[in-house]
Amino acid sequence: MTVALDTGPAAHPMERVALVDLLDRLLSGGVVISGDLVISIADVDLVHISLRALIMGIRDELLGEDGV
Amino acid sequence: MTDASAVYLYGVARGLDPTALGDVAGVADAPVRCVEAGGLVALVSSVRLDEYGEEALRANLENLAWLEATARAHHAVVGRAARTAPTAPVRIATVYRDDDRVAQVLRRESERFGHALDRVTGRTEWGVKAYARAEEARAGEPDGSAAAVPAAAPPAETAAGGTGTAYLRRRQEQRRRREEAGRRLADRAQAIHAELDGQAVAARRHPPQDPRLSRRAGTLLLNMAYLVDDGDAERFLSVAREIDRRTPGIDVEVTGPWPPYSFIDVDEPSRSPGDGDR
């Protein structure tokens, strides 16, 4: 079993956490509360545009690797 | 917008000693401070509107490097607070005009935050993913061996018709086996979940991860978060380890402890004092 436990020093909580696991939580979890400035970015939008960012980032990275 | 700055809210804690935050840096490397009101402590830092204003955010959220930096900073702050006091994270990119507005929100939503904090006090979120190894996911699929052709296939009568029929049968058989293997894996995933769920007070399913993002070989069978009483954490982890040991072909991956991102269920402000839905 792979365990990615938070055993690091207190100054660096879960430093090794995988971005994909973090985004599972940050983009769909937490208290949803209206801010003053960004009221028109709905939850769905947030998840959608951020996933697009992820896919595009990965693609860029792959293309970059291929180019070398 | 004279000073062109705003306040980024990370989460809301109860009974947090502000010194516990130490020198943790927030988004854009800004120092984190506390705003107290309504018996709650909000974790905030100042941000620039040209980075965190609405228009800028829309563009920045599509920039992977920016998104990652913001997500990691958000997590660092919430994680630090959650180690020492019950903490309810808020959704990423929640921004207010100033500290007074944050204090207003704490007072206005104190009941809602209170419910959320009650739910997670003394509990921790753990992530569990289960992967079927490639050979397990392929189990039942023909791997080029002659056994893939069902014994029932009649010998070819004529060259053309026989080949076509055999081909179709083979395809059908492949599909049937693949579906069967998929069902078997789903059943095993369900059994794993049921066992872990027995050690937890709540569970939530996360969507399957794109393998390009997880960089993980194998088929993702389960992507779960469990909320576990702190007193039961050791047992929960040993159950996960035990499952991993006795299910060859399936890898169990545990992450955590997490702040309770996945267990903030209060979708709407409490409308009436009658709390019938819990």
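Look up: the structure comes first, before these words.
What counts as what
- Residues numbered from 1 in each chain as written.
- Chains lettered and ligands numbered in written order.
- Predicted model: local features only at pLDDT ≥ 70, side-chain atom pairs only at ≥ 80, totals over all residues.
- Heavy atoms only, no water.
- Helix = DSSP H or I, 4+ residues; strand = E, 2+ residues; numbered from the N terminus.
- Buried < 20%, exposed > 50% of the residue type's maximum accessible area, 1.4 Å probe, protein only.
- Areas by Shrake-Rupley, 256 points an atom, 1.4 Å probe, with all protein chains shown as cover.
- Contact = heavy atoms within 4.5 Å.
- Salt bridge = Lys/Arg side-chain N within 4 Å of Asp/Glu carboxyl O.
- Pairing = 2+ DSSP bridges.

A. Structural detail: the overall build of chain A. For chain A, the count of helices and strands is 2 helices and 1 strand. In sequence order, chain A lays out its α and β elements as β-α-α. Every one of the 68 residues in chain A was classed for burial, and the buried ones make up 41%. For chain A, the computed accessible surface area is about 3500 Å², with 60% contributed by carbon and sulfur atoms.

B. Looking closely at the overall build of chain B. Broken down by element type, chain B carries 9 helices and 8 strands. The 278 residues of chain B split such that 45% are buried. Across chain B, contacts joining residues at least 24 apart in sequence account for 77% of those joining residues at least 6 apart.

C. Focus on the pattern of salt bridges. All names here are of chain B. Following the criterion strictly, the structure yields 18 salt bridges over all chains and no others. For Arg123, the salt bridge identified is with Asp229, shortest N-O distance 2.9 Å. With Arg123 in strand 5 (residues 123–132) and Asp229 in strand 7 (residues 219–229), this residue pair connects regions lying 106 residues apart in the sequence. Across the salt bridge formed by Arg133 and Asp251, the nearest N and O atoms sit 2.7 Å from each other. Note that Arg133 is positioned in the loop between strand 5 and helix 6 (134–137) and Asp251 in strand 8 (residues 250–258), a separation of 118 residues in sequence. Owing to a relative accessible area of 37%, Arg133 belongs among the partly exposed residues under this scheme. By relative accessible area, which is 18% here, Asp251 ends up buried. What you see here is one network of salt bridges that share partners, running through Glu173, Arg176, Arg177 and Glu180.

D. Representation of the pairing of strand 2 (residues 33–37) of chain B. Residue and element names in this part refer to chain B. Here 5 bridges tie strand 2 to strand 3 (residues 40–48), and the two strands are oriented antiparallel to one another. Pairing of Glu36 across the sheet is with Val41, part of strand 3. With antiparallel pairing between neighbouring strands as the criterion, strand 2 and strand 3 make up a hairpin whose turn holds 2 residues, including Gly38 at a positive phi of roughly 60°.

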